[in-house]
Amino acid sequence: MDPGQEFFQAPPALGNPYRDDAVLRAWLKARLPAEVLRDIEPGLERLGERAAGDMLAMAADAEAHPPRHVPYDPWGRRVDRIETAWGWQALHRVAVEEGIVATAYERRHGPWSRLHQLVRLYLYNPSSALCSCPLAMTDGAARVIELHAERDLKERLLPHLLSRDPGTFWTSGQWMTERSGGSDVSGTATLALLEHGRYRLYGTKWFTSATTCEVAVTLARDEAADADGKLSVFCLELRDAQGNLNNIFVHRLKDKLGTKALPTAELTLKGTPAVRIGEPGRGVKTIATVLNITRFYNSVAAVSFMRRGIALADDYAHRRQAFGKLLIEHPLHRETLADMQAEFTGALHLVLHLGVLLGREETGAAGENDKALLRLLTPLAKLYTGKQAIAVASEALECFGGQGYIEDTGLPSLLRDCQVLSIWEGTTNVLSLDVLRVIEQAGGLEPVTGDITRRLEILLRPELAVLRVSIQRAMKDITAWLQTAQKSHREILESGARRFAFSLARTYTAALLAEAAHSGYVGSDILQRWCRQPLTLL
Ligand code: MFK
């Protein structure tokens, strides 16, 4: 550098997240039928280009111009308009054109369709300013309507929710949370009253994400369910044919830590027409269909944010010098990045596996064991990857030193947005208890232990045999803890639920990585690194 010439650091650059993701590509090559990969790959390349190209400007605009609630028009009429940024609307259009929801339902690739959709979401999400949130709820609504709604409702809504035309696409909200509870929805106070043969909803919803949606799926006390007024699921359209809100009053938008571009409102329903979906009085069970899809999205979002943080940190490590050499040349920095990469690789394998199971279930190709695993792994992946994403995002920011803490680098929003992943759609504790419940309902751990045993049987290479023993030992410890805790006081079992769930997630993921290492599409160093952290925390 010439004397007197100022130094300016080159910022990190983002490459095509599909082309640059060796772990994802290796998995797809190993696991997808060749003709499916051939068919979908050009689209993935193109979406990757957009995620590292025009979508970044859209996301920056959406973040810089958060949504605004306009309660009244200039003449005093109540309008409750929510204005969103150009960038937010543009990201919405990209999602529709790219079929981020539709791909799963067109089912062009049979059981692999959901996996294809997963990869598209994975590429889209980290450049989407959380526009993936309304898509998650739309997907969940499409599934619950597909499975449980009457024909009329299906015919009216599915063409909108699954459209690839931005002019006809509708998003759906999922309104569960009231002032009395987000995790415990049993206190839901919204009433569904039958008036002239039609349901109308009355009540206040405390969190409604993406309140710019056209329809919403919600819980309410169903007057017609039985004398106790049990919860049922209802579907409502927000606006009438003239575009006016259907007796919905928005109080305010939430001031949140992150997800700044996403409009989240408090609102009151004062006689909003609605249609019941599914069995009366079985609302929680019915809406669980939506939750299982949104939890799946949450897991995909978590791994995609991890990947984004690592990609940026890795690029920066090749540009930034400290103590006379590039960051990547410092052994400890390399070690830190390698640990992050191992966390991400494990998480990605878990989530891709979840996508395979979900795809099988949605196309009738899942066996009983697949279904049992899907039910268990959905909360497990959500709770574990949500926590991993926060840790990896935090580490990624640290890889930039002080710059990671500076708003206009765009880096802090990564951490803020990851923080929500362990909160919404079931907190870590709620989901840990759900995992316990699934195991108790299934009568034990057999679906998982059987699956792990089958995966480990093939590991004969000497360097993998040692790790196989570690995984088997972890599985034994988990089984033993469960048996002891089940015989003890209920409090012992419940207070250990989170450690139990983390142990199960780490051990199951180790088995997936072991299988991948055996087949050669993941290096055994990754598995070794994964197993260097304790597999069990019990
Ligand atoms: C990019 C990512 C985008 C993500 C988008 C997020 C935007 C949306 C933001 C939100 O909407 S946040 C609100 C999310 N809310 C939650 O996730 C609720 C968390 N709480 C729970 O999950 C509780 O465990 C639950 C509400 C389910 C407990 O309710 P209850 O009233 O105690 O019900 P219970 O008795 O546990 O379960 C009732 C039935 O449902 C049981 O079946 P049976 O009656 O046949 O025994 C359960 O087995 C069944 N069930 C519960 N959860 C299930 C399920 N079945 C299948 N899958 C599940 N997940």
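What counts and how
- Along each chain, residue indices are assigned from 1 in the same order as the chain's sequence is written.
- The predicted nature of this model means local features are confined to residues of pLDDT at least 70 and side-chain atom pairs, given and counted, to a pLDDT of 80 or more, with totals for whole chains, interfaces and linings taken over all residues.
- Where side-chain values are given, they derive from all heavy atoms of the structure, hydrogens and water being excluded.
- Helix and strand labels come from DSSP, where a helix needs a run of H or I of at least four residues and a strand needs a run of E of at least two; each type is numbered from the N terminus.
- Computation of the radius of gyration draws on C-alpha atoms, with the globule rule given as 2.2 Å multiplied by the number of residues to the power 0.38.
- A 1.4 Å probe rolled over the protein chains alone gives each residue an accessible area, and that area as a share of the maximum for its type sets the label: buried under 20%, exposed over 50%, partly exposed in between.
- A contact between two residues is defined here by any heavy atoms of the two lying within 4.5 Å.
- Each accessible area is a Shrake-Rupley estimate made with a 1.4 Å probe; only the visible protein chains count as cover when residues are assessed.
- By the counting rule applied here, Lys and Arg register as positive and Asp and Glu as negative, while His and the ends of each chain are not counted.
- Charge placement uses NZ in Lys and CZ in Arg. For Asp and Glu, CG and CD serve respectively.
- By convention in this text, a residue qualifies as near a molecule or strand provided that one of its non-hydrogen atoms is within 4 Å of it.
- A 3.5 Å cut-off defines polar contacts: any pair of N or O atoms within that distance qualifies, except that in protein one atom must be a possible hydrogen donor and the other a possible acceptor, and neighbouring residues in sequence count only when both atoms are side-chain atoms.
- Residue polarity follows a fixed list, in which Ala, Val, Leu, Ile, Met, Phe, Trp, Tyr, Cys and Pro are nonpolar, Asp, Glu, Lys and Arg are charged, and the others, Gly among them, are polar.
- When DSSP finds two or more bridges between two strands, those strands count as paired.
- To estimate the expected span of a helix, subtract one from its residue number and multiply by 1.5 Å.
- Domain borders in the structure are assigned automatically or taken from a domain database.
- Summed over both partners, buried area is the accessible surface (1.4 Å probe) that two parts give up on being assembled.
- A pair is scored as a salt bridge if a Lys or Arg side-chain nitrogen falls within 4 Å of a carboxyl oxygen belonging to Asp or Glu.
- Cavity and pocket criteria rest on a 1 Å grid covering protein atoms alone: a 1.4 Å probe that fits but cannot get out defines a cavity, protein on both sides within 12 Å along at least 5 of 7 lines defines an open pocket, and an atom within 4 Å of a point defines a lining residue.
- Grid points are joined across faces, edges and corners, and a volume is the space filled by probe spheres set on the points.

## Digging into the overall build of the protein
Phase 1 of the analysis: Of regular secondary structure, the protein possesses 18 helices and eleven strands.
Phase 2 of the analysis: Over its C-alpha trace the protein gives a radius of gyration of 24 Å, about what one expects of a compact globule, namely 24 Å for 538 residues.
Phase 3 of the analysis: Projected onto its principal axes, the C-alpha positions of the protein cover 75 × 70 × 45 Å.
Phase 4 of the analysis: Looking at the protein residue by residue over its 538 residues, the buried ones come to 56%.
Phase 5 of the analysis: Residue pairs at least 24 apart in sequence account for 74% of intrachain contacts in the protein once pairs closer than 6 positions are excluded.
Phase 6 of the analysis: As displayed, the protein offers around 22,900 Å² of accessible surface, 52% of which is attributable to carbon and sulfur atoms.
Phase 7 of the analysis: Charge separation in the protein, taken as the distance between the mean sites of 63 positive and 64 negative side-chain charges, equals 2 Å.

## Some words on the site of the ligand
Phase 1 of the analysis: Taken together, 28 residues sit near the ligand, with Ser183, Asn292, Arg295, Glu425 and Arg437 positioned nearest.
Phase 2 of the analysis: Contacts to the ligand include lysine 285, whose side-chain N or O atom sits 3.5 Å from an oxygen atom.
Phase 3 of the analysis: Contacts to the ligand include arginine 375, whose side-chain N or O atom sits 3.3 Å from a nitrogen atom.
Phase 4 of the analysis: Summarising the interface, the protein chains cover 80% of the accessible area of the ligand, which totals 1,200 Å² for the free molecule.
Phase 5 of the analysis: Among the secondary structure elements, those contributing two or more residues to the shell around the ligand are α7 (132-148), α9 (283-317) and α13 (428-442).
Phase 6 of the analysis: The element that contributes the greatest number of residues to the shell around the ligand is α9, accounting for nine residues.
Phase 7 of the analysis: The residue makeup of the shell around the ligand, split by class, is twelve nonpolar, ten polar and six charged.

## Side note on the pairing of strand β9 (residues 264-277)
Phase 1 of the analysis: Most of β9 is tucked away, with eleven of its 14 residues classed as buried.
Phase 2 of the analysis: Relative to β9, strand β5 (residues 198-209) runs antiparallel, the two sharing nine bridges. Within β9, the residue paired with threonine 208 across the bridge is alanine 265.
Phase 3 of the analysis: Pairing of strand β7 (residues 231-237) with β9, which is carried by four bridges, proceeds in the antiparallel orientation. Residue pairing for β9: phenylalanine 234 is matched across the bridge by arginine 276.
Phase 4 of the analysis: The pairing of strand β8 (residues 248-253) with β9 spans five bridges and is classified as antiparallel. In the strand pairing of β9, leucine 253 is matched with alanine 265.

## Regarding unusual backbone geometry
Peptide bonds are trans in most cases, and residues, glycine excluded, mostly fall at negative phi.
Phase 1 of the analysis: At aspartate 80, a residue that is not glycine, the phi angle is positive and equals roughly 50°.
Phase 2 of the analysis: Note that aspartate 80 resides in strand β2 (residues 78-83).
Phase 3 of the analysis: According to the relative accessible area criterion, aspartate 80 is buried, its value standing at 3%.
Phase 4 of the analysis: The backbone of threonine 259 sits at a positive phi, close to 40°, despite the residue not being glycine.
Phase 5 of the analysis: Its location among the elements puts threonine 259 in the loop between β8 and β9.
Phase 6 of the analysis: With relative accessibility at 4%, the residue threonine 259 sits in the buried group.

## Let's talk about α13
Phase 1 of the analysis: Its 15 residues place the ends of α13 21 Å apart at the C-alpha level, agreeing with the 21 Å of an ideal helix rising 1.5 Å per residue.
Phase 2 of the analysis: After α13 finishes, the residue glycine 443 shows a positive phi value of roughly 80°.

## Quick word on the domain arrangement of the protein
Interfaces are frequently sized by the accessible area removed from exposure as the parts join.
Phase 1 of the analysis: Segmenting the protein into domains produces domain 1 (22-161), domain 2 (172-285) and domain 3 (427-538).
Phase 2 of the analysis: In this assembly, 27 residues from domain 1 lie in contact with 27 residues from domain 2.
Phase 3 of the analysis: With both sides pooled, the region where domain 1 packs onto domain 2 buries about 2,200 Å², and carbon together with sulfur makes up 72% of that total.
Phase 4 of the analysis: At the junction of domain 1 and domain 2, the tally comes to one salt bridge.
Phase 5 of the analysis: The partner of glutamate 237 in a salt bridge is arginine 156, with the nearest N and O atoms 2.6 Å apart.
Phase 6 of the analysis: Where domain 1 touches domain 2, the interface holds four residue pairs in polar contact (both at pLDDT 80 or more).
Phase 7 of the analysis: When residues of the side of domain 1 that touches domain 2 are traced back to their parent elements, those giving at least two are α3 (54-64), β1 (68-72), β2, α7 and α8 (151-161).
Phase 8 of the analysis: Per-element tally for the side of domain 1 that touches domain 2: the top contributor is α7, with eight residues.
Phase 9 of the analysis: Residues that form the side of domain 1 that touches domain 2 fall into these classes: 18 nonpolar, four polar and five charged.

## Some points on the layout of surface pockets
Phase 1 of the analysis: A volume near 770 Å³ is recorded for the second largest pocket.
Phase 2 of the analysis: Across the lining of the second largest pocket, the residue classes break down as 18 nonpolar, eight polar and six charged.

## Brief notes about the pattern of salt bridges
Phase 1 of the analysis: Under the criterion given, the structure shown has 41 salt bridges.
Phase 2 of the analysis: Glutamate 45 is the salt-bridge partner of arginine 19, the closest N and O atoms lying 2.9 Å from each other. Linking arginine 19 in the segment before α1 (22-31) with glutamate 45 in helix α2 (residues 34-51), this pair joins segments that are 26 residues apart in sequence.
Phase 3 of the analysis: Classification of arginine 19 as partly exposed rests on a relative accessible area of 43%.
Phase 4 of the analysis: Glutamate 368 serves as the salt-bridge partner of lysine 371, at 3.6 Å between the closest nitrogen and oxygen. A residue pair is termed a helical-turn pair when its members lie 3 or 4 positions apart in one helix, as lysine 371 and glutamate 368 do in helix α11 (residues 368-398) at three residues.
Phase 5 of the analysis: Glutamate 368 gets classed as exposed once you look at its relative accessible area, which sits at 62%.
Phase 6 of the analysis: Each of Arg107, Arg114, Asp139, Arg143, Glu146, Glu361 and Glu362 takes part in a single network of salt bridges with overlapping partners.

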